[in-house]
Structures are given as structure tokens and as C-alpha cells.
Amino acid sequence: MATVTTTKAASEDKELLISGSEAVAESLTLADIDVVTAYPIRPYDTVMQAIAKKIANGQLVAEYIVAEGEHSQFEIVKHASTVGARVFCGSSGVGWMYAMECLVVTPPLRVPMVCLVGNRALDDPGAFGVEHNDALVVRDLGWMLCWIDTSQEALDTTLIAYRVAEDRRIFLPLAISADGAFLTHSQAITMVPPKEKVDRFLPRYDRGDLLLHPDNPITVAPQANEDWVIEIRRQNDEAMKRAVGVIEEAYADFRRIFGRGPENPWFEEYMADDAEVILIGMGTISLPIKVAIREMRAKGKKVGLIRLRWFRPFPFERLVKALSGAKAIGVIDRDYSFGSPFHSGVVANEIRASLYNADKRPPLLSFICGLGGREVTLEDVNKAVDMCDAAARSGKSDAKTHWLGVRE
Amino acid sequence: MAETTFGNATQVLEPFRGIKKVTLEEYFTSGHRTCQGCESALVMKLMVKAAGPRTIVLGSTGCMYVANTTYYTTPWVVPWMHTQLGSSGSAALGTAAGLKALMRKGKMKAEPINVIAFCGDGGGADMGLGAISATLTHKEYNSLILLYDNESYANTDIQLSGMTPYGAHTTFSPPGKVHRLIHKRWKKNVAGLMAAGHPECRYVATVCASYAVEMMNKVRRALTIGGPTFIHSLDPCPKGWDYDPMLSHELGELAIETGIFPLYEVEDGVVKYYGKTKAIVEGRPRKPVRDYLLKQGRFAHFTEEDLAYFQEKVDQQWEQWEIPGVVPFRKLDAAQAALNVK
Ligand SMILES: Cc1ncc(C[n+]2csc(CCOP(=O)(O)OP(=O)(O)O)c2C)c(N)n1
Ligand code: SF4
Ligand SMILES: [Mg+2]
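Residues numbered from 1 in each chain as written. Chains lettered and ligands numbered in written order. Predicted model: local features only at pLDDT ≥ 70, side-chain atom pairs only at ≥ 80, totals over all residues. Heavy atoms only, no water.

## Here we look at the interface of chain A and chain B
- Chain A puts 39 residues into the contact, and the matching count from chain B is 47 residues.
- Both sides together, the interface formed by chain A and chain B hides about 3600 Å², and carbon and sulfur atoms give 59% of it.
- Scanning the region where chain A abuts chain B turns up 6 salt bridges.
- Summed over the shared surface of chain A and chain B, the number is 23 residue pairs in polar contact (both at pLDDT 80 or more).
- Take the side of chain A that touches chain B: its biggest share by element is 8 residues, from helix H3 (residues 70-82) of chain A.
- Broken down by class, the residue content of the side of chain A that touches chain B amounts to 21 nonpolar, 9 polar and 9 charged.
- Inspection of the sheet shows strand S9 (residues 219-220) of chain A paired to strand S2 (residues 80-83) of chain B by 2 bridges, in the parallel sense. Residue pairing for S2(B): A:Thr219 is matched across the bridge by B:Trp80. (Contact = heavy atoms within 4.5 Å. Buried area = accessible area lost by both parts, 1.4 Å probe. Salt bridge = Lys/Arg side-chain N within 4 Å of Asp/Glu carboxyl O. Polar contact = N/O pair within 3.5 Å; in protein donor to acceptor, adjacent residues only side chain to side chain. Helix = DSSP H or I, 4+ residues; strand = E, 2+ residues; numbered from the N terminus. Nonpolar A, V, L, I, M, F, W, Y, C, P; charged D, E, K, R; others polar. Pairing = 2+ DSSP bridges.)

In C-alpha cells form, the structure reads like this:
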């Protein structure tokens, strides 16, 4: 069953009808960010519009800089963070790609930048709709990556993101992905906690001995070459490993202080306990899947969903445990990875790899669906489940990747 | 958090009145590995000497990073950080904005800290032009962007940039049997571009380390006036220009005396020539450009025709430009004369 608890719906919380982007802006205000940089691209830019209003109205005091391109947008906050400022940035689609060089350097610099990626298909051809390839492009580079599904999750995850990224054991950048339009622009009732609680949850950003300041005259990122680069990569790797424990700690504290939030930070399990077929996806794709599951359950079919929240670090051990009881797994990617094993999407192959050492490897089917923001329909989901059923019966994986809802 | 009033205070850095008055402390010391005779390394040393200890320096990729700042042998005494090749503008802006946010919100002790971002000609005048331009419009953040111009992408083995002089031999513009000159673009006028295009940037200057005290004083002016500022330094580079390292100082002087590189500052919109450039503006004859060009291997393939073309272009900048050496709009009479010829 869904593990989101609504116990102790804290009475001090304000209820607001806001979009995912606006919910992020609420958190940024509560987190008292210091420097924020904007550049227009849909759909993420709605968060910057919301921040601009907060600044104009004096609700947030921060340096608000409209940059001349995403490369600068990310470089400006990177440098602001090294002198001790809490920073926020974001982008979508090709904008995120334009910043690529800067995205590469933030993890080894140990800059705990928090970003919103409003997932968007990569041009060409022009498309505003959601695809996850933009955020996924940094998956190997030391960015922590998570996907959110609701405005409430947007608000809560933003606070958790600062807590995790700015933890001295981690100091890595973190990108929160929100499906373009489906979440960035859709409004829902969201509980906004009081600042006093946030202050209990989120300590001040303290860069410590890495602070760039005349009182701490360090040299940051000198030329290292083969003498040291591999050790620096190794340190990044260790930080990412430590992130697992730090994320669990942060969610536990969040639940203690705010009285809500999931017990399992890594993924949402929806009717997955006893499920014979488990579908896996990220982001707002959960909505049509959940509706389809409810219909199938009414007919006695044991289907469930695992909605992945965290992609980096990837919760492979917990996933293996959660999947081992299934008779078949169907991974629905809202992304592509041309030429990859089985020509699958990115998530499917991560899960295949996760299962490799497992004692029980249920048959796995890979689907690609909803690219470019195309709606994922109940029909698409039903089709996937039918194929998974067949695989459950035969006990065999299917080496093909199935594109759903596509003109052939 | 409540906003407190927070101004744009800068440090008080009086000009050095002569070489004997220059402070002895060094903030760029041993440890760097630049070529013998590297003028850009001297520029780094003078730049931070002028700025003093309460300074943060950001350096974009290039010789002054790769050859200058190696792990365990950093020459920087002041805090220093690398920035991406095209990011000197963003590095200055982000650092200044971070400091300002923390100080005005009471999260850091308030004090004026100099922020200097340097870039090469490739990083600054080609790749990073947009970011520098943006930074020069943010008048609420104090910073200096210093472009050290060795007239090539030197670190990657001397390739031509938008700042490489006409006709120069670089590894991307080798003279060949069919094409003597591969590089036929005239050098960007980057200081003039910055001064003319950014009306709220209060200070732009050109400098040459052959005139060290004046150079340091321009840095001090740029750091005290407030807001974003820009300095363009012409730096002879023995490797890229192909000359005996002992000639670095002399080539810097010749670049000025031939009128190829004018020394001036633009403060609050007023152009002021200085040093030997001032003398040229006041009528002292310029030395012929061949005196400068033929001392450098990168022009060894030049014919008389090439030398004449180069001379003519430099003459134009003095005789026909609205503001000689600074703004390339033609004077009305020069423009009419050109029309009449047609
Ligand atoms: C985005 C990017 N492209 C290319 C390079 C390769 N690169 C490193 S140093 C350098 C030369 C930079 O030239 P310039 O800014 O003039 O500095 P110089 O080396 O001459 O001191 C280049 C092209 C890089 N570091 N980053
Ligand atoms: S190549 Fe030129 S700029 Fe680079 S270190 Fe050598 S002399 Fe200096
Ligand atoms: Mg150069």
C-alpha cells in the first residue's frame, strides 16, 4: 500500500492551492536561500516566476540574478555557493544541456547546489512535453537525482534536498525532477509548514574549511592531473555512497518534525506488497498507472506499482528486496537510451543491472511510453500489464523493448 | 529575514606614487610553472599585489591556470578558485553576489572584499564575452574582470583567437605554400567594446605590465570605484609570439609606441589616454609597426605588402576613428573622404 502517512496533519501548517513549481518556491523561502539565478525556458521557469514574486513582495531576501544563459546561470550559483551562500537554480530540456559544462564541475567541487529540472523533451524537433532524458544526462557525474509526483512532495523534497546536499558528509549537487506541465503547472492543495519547524529541520549551510574567503585562503580546483584525479573521483564515489544513510536520516527527521512523509524515502510502493505484476516508473506517470491498478484490483488482478523517487543514489538493494516476490516486472521509461542493451530506456537497464546478483530474478519487460509529453493512457498501462502477465506465466523475460502508444 | 541597508562599499586603495612606494608583500609567489619571460605571470603578481590580502581571485582555464596553479604548488597566497573557460564574468558575479547576500543578511562579517576574475583572450574575448558583458551591467556587485591578452589560445599550444593579430602564425594558422596567411581577421577591440557597450560600468582600462606602477594603479582604481569593472592587459608571450624571453618588456613598450595597443582608461564615460599613448595623441610620432612585428617569429613570413597592410590598419585607428584607438566609428571627414574615393 501507499506509505505516505497523513498522521498528525500539523495544525500550524498553511493550506495553499499551488502548483509543483510554486511549492518549490515556498520551500526556498522557508529555507532562506541567498542567491538564485534565473533564465527562461518552459516549464521549469514557473519556479523562477514564483521566486521573483516572493522577492518583489519582500517575503524572500536573496540576490536574484537573471543570467544571460544557462551556462552563466549555473556558474553564478556555483561560485556563490563556494563563498558560503545557499543557492538555487534550475532548467529544462536544452537549457539544462546548455549548462552541461557547469553541471559537470559542481560534484568534484563539492558544491551542494539544489536545482529544479522541469523535465522536458530535448529539441529538435521543438517540444514542451515531458521526457526524462534531460535530467538523466548527469546520472554518472555525481549529481543526486530524484523525481517527485505531487506539489506536497515538491515542497517536502526541496527542504530535504538542502538538508542532504549541504550535509558535510555529502556536499554534492542535487536535482529535483518534476514532470513538465503535469507537475510544474498543476495545482493541488499543499501544506506549507511554519518557518520555526523548518529551522529545526534544516541547519545553516556551513562550508567549513572549504569556504573561499580571505580568512581561509585556500586554492580551489588547482590543476591535479594523474597525480590526484582518481583519488578525487573516489572521494565523490564515497560521498554518493554515504548519501544513502544521510537521505534515510533526513526523511526520518522530516517525519519526526513535520509529521508526514514516507517511511521509505527511495520509492513509493502502491499495492505492491502482494502484487504478482509490479510496474515501475518515475514521476507523474504514477497517476494513470494507479488508476489502472485500481480497476484491475477490482477484477481480482494482483498488480502493483513502484514509483521510484531516487535515481541517484539508486536504491538497488531495496528494490531487489521489493521485487523478489513478483512474478513479472514491467519497467515503463519516459526516456530513451538509443543503442543500449535491449534498446531499453535508462530505468529498465538500471533495474536489470540491480537484479543481476539477486537469487530471484523475476522476468522483466521494458516499455517506453509518454515521450514528448504524450499522455500515458489506461490502455497503454493495460497493454503493459497483459504482456507482463504472459511473461509471468512463461517465467521468461522478453528481450524486446515495447513502445506503447506510438504510431507504427 | 529582514533586509538591512547594505551599500557597495569598496576598499580604500590609494595609487602607488612611484615604484619605491609599492608595497613589498607578495600574494602570488613561487610555485608556478610558466615559461621564462611570461608576461602574464607578471601581470598576475602585480594584479594581486595591487589588490592586497582581502581579495578573492577567480581564474578561468588557460595558461594562468594550467601552468600557474598546480595542486601542492599553488603560488596564490590569497584565496583562489578555478572557473570554466568562458566563465570569468559569471565567476566574478557569483562570488560578489554570494558575499553580498551573506553580508547583507548578517550571515557573514560585513567588509569590502575585492573580487577579481581573470581570463585569457580566448576565454574572455571569444568564449566568455557574453558572460562578461552581462556582469558589466550588474552595477550592484563589485568586481574586476582582468583579461590577460597573450593573443592566442596559448595553453592548448598557441591557436588563433579573436584577439590574435592579423596574419600571425599560430598552430591553427600555419603559413603554407599556397596560402601565406590563414588568419585574416582583424583583432577585436575588446576594451572599447566593453566601455562603449556598458554605460553603467564605471571603469574600463587598458594596461601593459611594461609599465608596472601604472598597471597596478589601474587595478587599484578598478577595485575602488565600485560596481563591475574591466581591464585589458596586453601580455607578450615568448612561446606564442616566438621571441627571446628577454624581450618581453621591450615588446610591451613597442606595442604602445607603435600605436598598436593604446593605453587609456574610461572612467564614468570620460576617455583618458595615459603614458606613451598620451604623447602619441598629443603629436609624438608613432614608431613603424615593423619595428614591433619583425622582432617576433609569428610574423616572420610577412612580406612588405603584409607589413604595409598592417601599418595602414593601425594608421586608420589613429587618423580616422572618432575616438582614436578606442571607438572605431569613423570621423565624419574620414568617412566622407572614403566615400569620395569610391
Ligand atoms: C569549454 C572548453 N573548451 C576548450 C578548452 C580547452 N582549453 C583549455 S585552456 C585553453 C586556452 C585558453 O586560451 P586563453 O583564454 O587565451 O588563455 P591562455 O591559454 O592563452 O592563457 C583552451 C582552449 C576548455 N578548457 N574548456
Ligand atoms: S605560453 Fe605564453 S602565456 Fe603561456 S606560460 Fe608560456 S609565455 Fe606564459
Ligand atoms: Mg590567450
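More follows now that the structure is in view.
## Considering the domain arrangement of chain A
Residue and element names in this part refer to chain A.
- Here chain A is partitioned into domain 1 (4-262) and domain 2 (267-403).
- Measuring from the centre of the C-alpha atoms in domain 1 to the corresponding centre in domain 2 gives 28 Å.
- At the junction of the two partners, domain 1 supplies 30 residues and domain 2 supplies 24 residues.
- In total, domain 1 and domain 2 occlude about 2400 Å² of area from one another, counting both sides; carbon and sulfur atoms represent 58% of this.
- With a closest N to O distance of 4.0 Å, Asp-179 and Arg-334 form a salt bridge.
- Connecting domain 1 to domain 2 are 16 residue pairs in polar contact (both at pLDDT 80 or more).
- Secondary-structure elements contributing two or more residues to the side of domain 1 that touches domain 2 are helix H6 (133-136), strand S6 (144-147), strand S7 (174-179) and helix H9 (225-258).
- In terms of residue count, the dominant contributor to the side of domain 1 that touches domain 2 is H9 (6 residues).
- Along the lines of polarity and charge, the residues of the side of domain 1 that touches domain 2 split into 20 nonpolar, 3 polar and 7 charged. (Domains from an automatic or database assignment.)

## Some thoughts on the confidence of the model for chain A
- On average, residues of chain A score 96 in pLDDT, and 97% of them are at 70 or above.
- Of the regions scoring below 50 in pLDDT, residues 1-7 of chain A engages in 17 contacts with residues more than four places distant in sequence or in other chains. (pLDDT = per-residue confidence, 0-100.)

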